[in-house]
Number of protein chains: 2
Amino acid sequence: MSENTAKFELILSSSKKLIEEIGFSSLTMDKVAQKAGIAKGTVYLYFKDKDDLIEKVLSTGFERMFDRIKRKVSEENGMVDKLKVLVNENINHIYENRYFFKTIFLDEVNVVFLKKKSKESFNLRRKRYSDFISEIIKSGMKSGEFRQDLNSPRAGYMLVSLIKSSAIYDFLNEKIESNPENIKNVTEEILNLFLRGITR
Amino acid sequence: MSENTAKFELILSSSKKLIEEIGFSSLTMDKVAQKAGIAKGTVYLYFKDKDDLIEKVLSTGFERMFDRIKRKVSEENGMVDKLKVLVNENINHIYENRYFFKTIFLDEVNVVFLKKKSKESFNLRRKRYSDFISEIIKSGMKSGEFRQDLNSPRAGYMLVSLIKSSAIYDFLNEKIESNPENIKNVTEEILNLFLRGITR
DNA sequence: TTGAATTATGACTTTTAAGTCATTATAATA
DNA sequence: TATTATAATGACTTAAAAGTCATAATTCAA
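For the structure given in this document, a descriptive report is provided here. (Residues numbered from 1 in each chain as written. Chains lettered and ligands numbered in written order. Predicted model: local features only at pLDDT ≥ 70, side-chain atom pairs only at ≥ 80, totals over all residues. Heavy atoms only, no water.)

## A look at the overall build of chain A
Counting its secondary structure elements, chain A contains 9 helices and 0 strands. Helices and strands appear in chain A in the N-to-C order α-α-α-α-α-α-α-α-α. On the principal axes, the C-alpha backbone points of chain A span a range of 60 × 35 × 30 Å. A total of 200 residues make up chain A; the buried ones form 54% of that total. Residue pairs in contact within chain A that sit at least 24 positions apart in sequence constitute 72% of those at least 6 positions apart. For chain A, the exposed area adds up to about 9,100 Å²; of that, 52% sits on carbon and sulfur atoms. Taking the average location of the 35 positive side-chain charges in chain A and that of its 29 negative ones, the two points are 3 Å from each other. (Helix = DSSP H or I, 4+ residues; strand = E, 2+ residues; numbered from the N terminus. Buried < 20%, exposed > 50% of the residue type's maximum accessible area, 1.4 Å probe, protein only. Contact = heavy atoms within 4.5 Å. Areas by Shrake-Rupley, 256 points an atom, 1.4 Å probe, with all protein chains shown as cover. Lys, Arg positive; Asp, Glu negative; His and termini not counted. Charge placed at Lys NZ, Arg CZ, Asp CG, Glu CD.)

## Details of the protein's contact with DNA strand C
Taken together, 16 residues are adjacent to DNA strand C, and A:Lys7, A:Thr42, A:Tyr46, B:Met29 and B:Lys40 come closest. When the atoms of DNA strand C within 4 Å of the protein are sorted by group, sugar and phosphate make up 62%. The separation between a phosphate oxygen of DNA strand C and a polar main-chain atom of A:Ala39 is 2.9 Å. Between DNA strand C and the protein, one listed contact pairs a phosphate oxygen with a side-chain N or O atom of B:Tyr44 at 3.0 Å. Elements with a minimum of two residues in the surface near DNA strand C: α3 (40-46) of chain A together with α3 (40-46) of chain B. In terms of residues, the surface near DNA strand C owes the most to one element, α3(A), which gives 5 residues. (Near = heavy atom within 4 Å. Polar contact = N/O pair within 3.5 Å; in protein donor to acceptor, adjacent residues only side chain to side chain.)

## Some points on the protein's contact with DNA strand D
Near DNA strand D, the surroundings consist of 15 residues, among which A:Met29, A:Lys40, B:Lys7, B:Thr42 and B:Tyr46 are the closest. Per the 4 Å cut-off to the protein, sugar and phosphate atoms form 62% of the nearby atoms of DNA strand D. Take B:Thr42: an N or O atom from its side chain is 2.6 Å from a phosphate oxygen of DNA strand D. One nitrogen or oxygen atom from the side chain of B:Tyr46 is found 2.7 Å from a phosphate oxygen belonging to DNA strand D. Elements that contribute at least two residues to the surface near DNA strand D include exactly α3 of chain A together with α3 of chain B. When residues in the surface near DNA strand D are grouped by element, the largest group, 5 residues, is from α3(B). Class assignment for the residues of the surface near DNA strand D results in 7 nonpolar, 3 polar and 5 charged. (Nonpolar A, V, L, I, M, F, W, Y, C, P; charged D, E, K, R; others polar.)

## Notes on helix α1 (residues 5-22) of chain A
Residues and elements named next belong to chain A. The end-to-end C-alpha separation of α1 is 26 Å, in line with the 26 Å expected for 18 residues at 1.5 Å each. Among the residues of α1, those classed as buried are Ile11, Leu12, Ser14, Ser15, Leu18 and Ile19. One face of α1 carries all of its buried residues, which in axial projection span an arc of 165°. Along α1, exposed side chains directed more than 90 degrees from the buried face belong to Thr5, Ala6 and Glu21. The elements touched by buried residues of α1 are α2 (29-36), α3, α4 (50-74) and α6 (98-106). The distance from a side-chain oxygen at the start of α1 to the backbone nitrogen of Ala6 is 3.1 Å, and the residue carrying that oxygen is Asn4. Gly23 occupies a position one or two residues after α1 and carries a positive phi of about 80°. (Expected span 1.5 Å × (residues − 1). Arc of directions from axis to C-beta.)

Rendered as structure tokens:
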């Protein structure tokens, strides 16, 4: 595996662009090479195989998003406030990378294409994020901000899925433009439901 | 396209079993034929192509589930009660067909494999279900059972995703056994969150 | 400057599985 | 029973794309 970081990044970003354009299901190594302006063999100098390439596209994207969210969350004190900035930051990130996430979510890429090992890391990332949320909820239960009878890991997992499904809902309804108004609404609707439920 | 219903059903149920065993990504027409104990060419007498076969496996499964839920829901009057039986019935259905849904959810099959046309019908089914829920929520808003400031279509969509993600959560944590205790808990946790939120 | 080491190339091989169709078997009908 | 129509077969064709590797280009070190 060669060490040239610039070329590694070039292949990675070309793949990401391609995925936005044509989706995962049509992604081929030939197209990746063409998009990056290099030969197919070169791709294999930097990535073990196609699975490795996709896994790295997904994992670098996730780490970038997770770091960003963690930074913002750490600036808040109350658990309700932490959840608020978490949702806000997550939705913002999704909208800023909306064409990528549109493909991820609507194509439901997810783990189908990945081999066993990459499937596991996919689920591990999901778990790391929902565990992070679960800890906030646990603290909120201790502090009295949240109900005492919650199953915090499940609740954490549920919030992740609410965020995701809200974005899917918008993408399906063609609300893909990233205007602040829209983002503010989505964020509030998720938080409203998650914090207060639908009953009066 | 031949008319023999028994053979049609045989291929359909063999495919479903196979999907449970090996997942969508490894499903081949050769394996389907072998599982059904017939020749590959025969499969093509009853289904246009692989996409058609998968689409029919998914759509018949969905219709069965949706009918069952609608029947139960129609027996209730209050909107809260309707949502309660809806969630309960949906979770029950998922657990009764847990190996199928485990594959569907964890492999995240969804639409990846399907061609454009089938992708659309996949999203249409999802929409039919969330619209159905959305109508219940709208009635509940009118009757005063629910808050007035809800975005009912989005809320409907969110409930669908809460149900799905709860099942995924259990499957990921190996809680796949279908004991009534477990099902009761899951149902209650979903409803608790959706109706009341996490704050006190 | 030269030759060794590294990186890049893309035509080629391999694999896999979808879909076809000439042939055969079975069922229906007269 | 003979003839026609329908259903079934599976070897074969086709297609697509992953992955390889002998060769070429470039970079580096002496």
